[in-house]
Amino acid sequence: MANVILVGAQWGDEGKGKIIDVLTEQSEVVVRTQGGNNAGHTVFVGKDKYVLHLIPSGILRPNKVCVIGNGVVMDPVGLVKELDGLAKLGVSVTPDNFRISETAHVVFPWHRELDGAREAQKGDNKIGTTKRGIGPTYGDKVARVGFRVLDLIHRERFPVQLRARLAENNAVIQSLRGTPLDYDQVLAEYTAAADRLRPFVINTVVYLHEVTQRGGNILFEGAQGTFLEIDHGTYPFVTSSNTTAGFAGTGSGIGPRNFDYVLGIVKAYTTRVGAGPFPTELHDETGEHLQR
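What you see is a predicted model; the values in this text were computed from it and never measured.

Colleague: Just checking my understanding: could you explain the sheet that holds strand β7 (residues 98–101) for this structure?
Modeller: Neighbouring strands of a sheet are bound in pairs by backbone hydrogen bonds; such pairs are parallel or else antiparallel. Strand order in the open sheet formed by seven strands is β9-β7-β5-β2-β10-β1-β11, with parallel pairing between adjacent strands. Bordering the open sheet on either side are β9 (201–202) and β11 (261–265), each of which pairs with just one other strand. Pairing of strand β5 (residues 65–68) with β7, which is carried by three bridges, proceeds in the parallel orientation. Paired with Val-67 across the two strands is Arg-99, which belongs to β7. Seen against the sheet, helix α8 (residues 204–213) touches β2 (29–32), β5, β7, β9 and β10 (218–221) and runs at an angle of roughly 140 degrees to β5.

Colleague: Explanation requested: the packing of helix α3 (residues 109–122) against helix α4 (residues 134–143) in the structure shown.
Modeller: Any two packed helices are characterised by the angle at which their axes cross and by the distance between the axes. The N-to-C vectors of α3 and α4 enclose an angle of 115 degrees; their axes lie 7 Å apart at closest approach. Between α3 and α4 lies a crossing of right-handed hand. Note on element contacts: α4 touches α3 through Ile-134, Pro-136, Thr-137 and Asp-140, opposite Trp-110, His-111, Leu-114, Asp-115 and Arg-118. For the contact of α3 with α4, the class distribution of residues is four nonpolar, two polar and three charged.

Colleague: What am I meant to see in the nonpolar core here?
Modeller: Soluble globular proteins tend to bury their nonpolar side chains together. Core analysis: the biggest nonpolar cluster contains 41 residues, and Ile-59, Leu-79, Phe-98, Ile-100 and Phe-108 have the highest contact counts within it. Of all the elements in the fold, those that place two or more residues in this core are β4 (48–52), β5, α2 (76–88), β7, α3, α5 (149–152), α6 (157–175) and α7 (183–197). With sequence-adjacent residues up to four places away left out, Ile-59 is seen in contact with Leu-52, Cys-66, Leu-86, Val-91, Val-93, Asn-97 and Phe-98. Among the nonpolar cores identified, the runner-up in size contains 14 residues, and Ile-5, Val-65, Leu-208 and Phe-220 belong to it.

Colleague: In this structure, what is going on with the packing of aromatic side chains? I would like to understand it.
Modeller: Counting across every chain of the model gives 10 aromatic pairs. Arranged with centres 4.5 Å apart and planes meeting at 0 degrees, the rings of Phe-108 and Trp-110 form a pair that is stacked. The exposure class assigned to Trp-110 is buried, which follows from its relative accessible area of 0%. Plain terms: the ring middles of Phe-108 and Phe-147 are 4.8 Å apart, the flat faces sit at 55 degrees to each other, and that makes the pair tilted.

Colleague: Would you mind going over the side chain of Thr-243 with me for this structure?
Modeller: You can see Thr-243 is positioned in the loop between β10 and α9 (247–250). At 2.7 Å, the side chain of Thr-243 and the backbone oxygen of Gly-225 are in polar contact. Other than its neighbours up to four places away in sequence, Thr-243 contacts Val-7, Gln-34, Ala-223, Gln-224, Gly-225, Thr-226, Leu-228 and Glu-229.

Colleague: Could you clarify how one ought to interpret the environment of Phe-237 in this entry?
Modeller: Assignment of secondary structure puts Phe-237 in the loop between β10 and α9. Given the relative accessible area of 18%, Phe-237 is considered buried. Residues Phe-237 and Asn-125, 112 residues apart in the sequence, show an inter-C-alpha distance of 9.6 Å. Excluding anything up to four places from it in sequence, Phe-237 contacts Asn-125, Lys-126, Ile-127, Leu-228, Arg-272, Ala-275, Gly-276 and Pro-277.

Colleague: Help me understand a nonpolar patch on the surface in this model?
Modeller: On the surface, a nonpolar cluster with roughly 250 Å² of combined accessible area is contributed by Tyr-269, Leu-282 and Leu-290. A residue is classified by how much of its surface remains accessible, and Leu-282, at 41% relative accessible area, is partly exposed.

Colleague: Whenever I open this one, α4 confuses me. Can you help?
Modeller: Helical geometry: 3.6 residues make up each α-helical turn, so side chains three or four residues apart lie on a common side. Every buried residue of α4 is listed here: Ile-134, Pro-136, Thr-137, Tyr-138 and Asp-140. Among the structural elements, β6 (73–74), β8 (105–106), α3 and α6 are those in contact with the buried residues of α4. Downstream of α4 by one or two residues, Arg-144 has phi in the positive range, about 65 degrees.

Colleague: Explain unusual backbone geometry here, please?
Modeller: Generally, phi is negative for residues other than glycine and the peptide bonds are trans, each holding for most cases. Of note, the amide linkage connecting Tyr-235 to Pro-236 takes the cis form, showing an omega dihedral of 5 degrees. Residue placement: Pro-236 occurs in the loop between β10 and α9. The backbone phi angle of Asp-13 is positive, close to 60 degrees, even though this residue is not glycine. Structurally, the position occupied by Asp-13 is in the loop between β1 (4–8) and α1 (16–24). Residue class for Asp-13 comes out partly exposed when judged on its relative accessible area of 46%.

The rules we used
- Residues numbered from 1 in each chain as written.
- Predicted model: local features only at pLDDT ≥ 70, side-chain atom pairs only at ≥ 80, totals over all residues.
- Heavy atoms only, no water.
- Pairing = 2+ DSSP bridges.
- Helix = DSSP H or I, 4+ residues; strand = E, 2+ residues; numbered from the N terminus.
- Contact = heavy atoms within 4.5 Å.
- Axes fitted to C-alpha atoms, helices over the stretch in contact; angles between N-to-C directions.
- Left-handed = near helix turned anticlockwise from the far one by under 90°.
- Nonpolar A, V, L, I, M, F, W, Y, C, P; charged D, E, K, R; others polar.
- Core = buried A, V, L, I, M, F, W, Y, C linked by side-chain atoms within 4.5 Å.
- Buried < 20%, exposed > 50% of the residue type's maximum accessible area, 1.4 Å probe, protein only.
- Phe/Tyr/Trp six-rings, centres within 6.5 Å; stacked < 30°, edge-to-face > 60°.
- Polar contact = N/O pair within 3.5 Å; in protein donor to acceptor, adjacent residues only side chain to side chain.
- Patch = residues over 30% accessible without salt bridge, like charges linked within 9 Å, V, L, I, M, F, W, Y side chains within 5 Å.
- Areas by Shrake-Rupley, 256 points an atom, 1.4 Å probe, with all protein chains shown as cover.
- Salt bridge = Lys/Arg side-chain N within 4 Å of Asp/Glu carboxyl O.

Structure (structure tokens):
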């Protein structure tokens, strides 16, 4: 196997998790390159159920390294809960098999508040977001006011930066008739998460280049699907990141000459969750039958 980019070729939910699991057996490293905890996989191993939102499902296999790339937006509190859930199921996650990019951007509670408030204001024209703050976090990234993981884990700088950004965002939340967030509570939660995640944080671009230089196989795992692409999808009813194969390089720091194969996943029928002109969810016996 070579370096493979795996993408969903429809609106997501094509069953990528199953294919990723097969390809992971032949990979040394699995990299998540975009999106946040608005995506993920539910994996059954025997009777055990593993729900993964940020960590690639390769974490369930021995001798694999899973990476959250720089193109991902990461909710650190949610990620800690995910790690705790894996630990309860006996899955060992250490800096040897899990790494986080120091330049991935961080999701904060104000991102979720703004996501929900803006969605509510749209009324019948709502996009159908997961309200997990993914869009506002990418918005801050583009506006150059976001927090990166290296800011989160900096003990002296983080409290100062947090106070300034929270004050600005509380003003926006109040203008949208939301409830302001408490600085001390956010600081405590995110400081605790930073302390837990600090050992996993590295320069993943350097690490991934080292893997390619020695001929290691890398699987680049995409989230969502082609028609949810922010540039090429059914805008504005899309996600907030680039879901097609081209972003695998940007979201990981690996150049295009190091990619060997792009694999698009489709299924025999089309589904599209969320809102907008083309939702296809069936909340009835027919939907359950198709799902089975």
